[in-house]
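Spelled out, the chains give:
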Amino acid sequence: VVLTPLLLIRGYATSYLFMGFSRRVGGAINEAGSLVSESVKDIRTLHSLNIQDQISTLYESKVRVTDQEQEKLAAKSGIYHALGQFSYNMMYSACFFVGVYLIQGDHITFRDMMICIFCIAFGGQQAGELIGFSPDISEAKTAAGAFFKLADSVSPINPYSEEGIQLDSSKVKGH
């Protein structure tokens with residue numbers, strides 16, 4: 001139980017790393033993708049103005065930002081992952097050490113020790129990951145609320161009403 005905060009911190013750090021990276025790099029990737037999309041759509045204009053090299057350089061600069069971010073993330077990720085694995089394995093070692101002591105003193109059975117260790121390990125890890133994803137959970141709740149508000153709203157236009165301007169089918173041409 002004493003080691004549970006370490007598992008919470010580990011789970012939070014892991015989820016923060018992955019979620020933070022996608023938020024930081026996502027903007028640069030979206031800009032680069034938008035640039036490519038616009039360039040393909042306006043290829044004739046780019047060619048007639050002879051600015052292909054400028055667009056290529058601009059694209060490279062946007063992608064280079066993501067490369068730099070990835071290098072920073074790789075270093076941070078390696079350190080956090082190593083510390084996380086260390087804390088996780090140390091928690092297991094400490095739990096087994098205390099468990100053996102309690103089993104030898106006939107305070108608990110081996111089965112009870114294993115249940116306790118797995119509850120602590122998986123509970124702490126999952127709670128830490130849940131804390132890391134809490135901003136996304138609040139955004140999902142907001143989005144769901146907006147969706148249900150839209151779905152429950154009454155349209156000002158009644159499609160079943162016979163009132164208003166009617167289309168004269170004799171003036172409509174086509175199939």
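For every chain, the first residue of the written sequence is number 1, and numbering continues from 1 along that sequence. Predicted model: local features are reported for residues with pLDDT of at least 70 only, side-chain atom pairs are reported and counted for 80 or more only, and whole-chain, interface and lining totals are derived from all residues. The basis for every side-chain value is the complete set of non-hydrogen atoms in the structure, without hydrogens or water.

Novice: Provide a residue-level description of the overall build of the protein, including the pertinent values.
Specialist: Note on conventions: DSSP H or I runs of at least 4 residues are helices, E runs of at least 2 residues are strands, and numbering of each starts at the N terminus. The number of helices and strands found in the protein is five helices and zero strands. Going from N to C terminus, the protein has its helices and strands arranged as α-α-α-α-α. Taking all 175 residues of the protein together, 18% fall into the buried category. Any two residues whose heavy atoms approach within 4.5 Å at even a single point are treated as in contact. For the protein, long-range pairs separated by at least 24 residues make up 79% of all intrachain contacts whose partners lie at least 6 apart in sequence. When the accessible surface of the protein is summed, it comes to about 13,600 Å², and 64% of that surface belongs to carbon and sulfur atoms. Note on exposure labels: buried denotes an accessible area under 20% of the residue type's maximum, exposed denotes more than 50%, and partly exposed covers the range between, all computed with a 1.4 Å probe on protein chains only. Exposure was quantified through the Shrake-Rupley algorithm and a 1.4 Å probe, taking into account, for residues, occlusion by the shown protein chains and nothing else.

Novice: Describe the state of the cysteines, listing the residues and the values that go with them.
Specialist: Our working definition of a disulfide is a cysteine sulfur pair at a distance within 2.5 Å. By the definition in use, this model includes zero disulfides. Of all cysteine sulfurs, the one in C116 lies closest to C95, which takes part in no disulfide; the gap is 6.6 Å.

Novice: I'd like to hear about unusual backbone geometry, residue by residue, with values.
Specialist: Phi is positive for D106, close to 55°, though the residue is something other than glycine. Judged by its relative accessible area of 70%, D106 falls in the exposed class.

Novice: Can you explain the environment of F96? Please cite residues and give values.
Specialist: By the secondary structure assignment, F96 is in helix α3 (residues 52–104). Distance in space between the C-alpha atoms of F96 and M114 is 8.7 Å, their sequence separation being 18 residues. Once residues within four sequence positions are removed from consideration, F96 is found in contact with M113, M114 and I117.

Novice: An account of the nonpolar core is requested, with residue identities and associated values reported.
Specialist: In terms of nonpolar packing, the biggest core is built from eight residues, these being Y88, M91, Y92, C95, M113, I117, I120 and A121. Mapped onto this core, the elements with two or more residues apiece are α3 and α4 (110–132). Y92 has contacts with I117, F118, A121 and F122, leaving out every residue within four places of it along the chain. Among buried residues, those of type Ala, Val, Leu, Ile, Met, Phe, Trp, Tyr and Cys that are joined through side-chain atoms within 4.5 Å constitute a nonpolar core.

Novice: Outline the environment of Y12, listing residues and values.
Specialist: As for its position among the elements, Y12 is in helix α1 (residues 4–41). Y12 gets classed as partly exposed once you look at its relative accessible area, which sits at 37%. Along the sequence, Y12 and Q126 sit 114 residues apart, while their C-alpha atoms lie 9.2 Å from each other.

Novice: Please give an account of the confidence of the model for the protein that cites residues and values.
Specialist: When pLDDT is averaged along the protein, the result is 77, and 82% of the positions lie at 70 or above. Within the protein, no element has a lower average pLDDT than α1, which sits at 69, and none a higher one than helix α5 (residues 134–152), at 83. What pLDDT conveys is the predictor's confidence in a given residue, as a value from 0 to 100.

Novice: So what's going on with the packing of aromatic side chains? Which residues, and what values?
Specialist: Two rings from Phe, Tyr or Trp (for Trp, the six-membered ring) form a pair when their centres sit within 6.5 Å of each other. Planes less than 30 degrees apart are called stacked, planes more than 60 degrees apart edge-to-face, and all others tilted. Inspection of the entire model under this criterion finds three aromatic pairs. Residues Y92 and F118 carry aromatic rings whose centres are separated by 6.5 Å and whose planes lie at 70° to one another, so their mutual orientation is edge-to-face. Of this pair, Y92 sits in helix α3 while F118 sits in helix α4, and the two are 26 residues apart along the sequence. Overall, Y92 belongs to the buried group, its relative accessible area being 17%. By relative accessible area, which is 35% here, F118 ends up partly exposed. Taken together, a centroid distance of 5.5 Å and an interplanar angle of 65° make the contact between F147 and F148 edge-to-face. The exposed category is assigned to F147, whose relative accessible area is 53%. The class of F148 is partly exposed, set by a relative accessible area of 49%. A network of ring pairs unites the aromatic residues Y92, F96 and F118 as a single cluster.

Novice: Describe the environment of L46, listing the residues and the values that go with them.
Specialist: When you line up the elements, L46 lands in helix α2 (residues 43–49). The exposure class assigned to L46 is buried, which follows from its relative accessible area of 11%. Beyond its immediate stretch of four places on either side in the chain, L46 contacts S39, I51, Q52 and I55.

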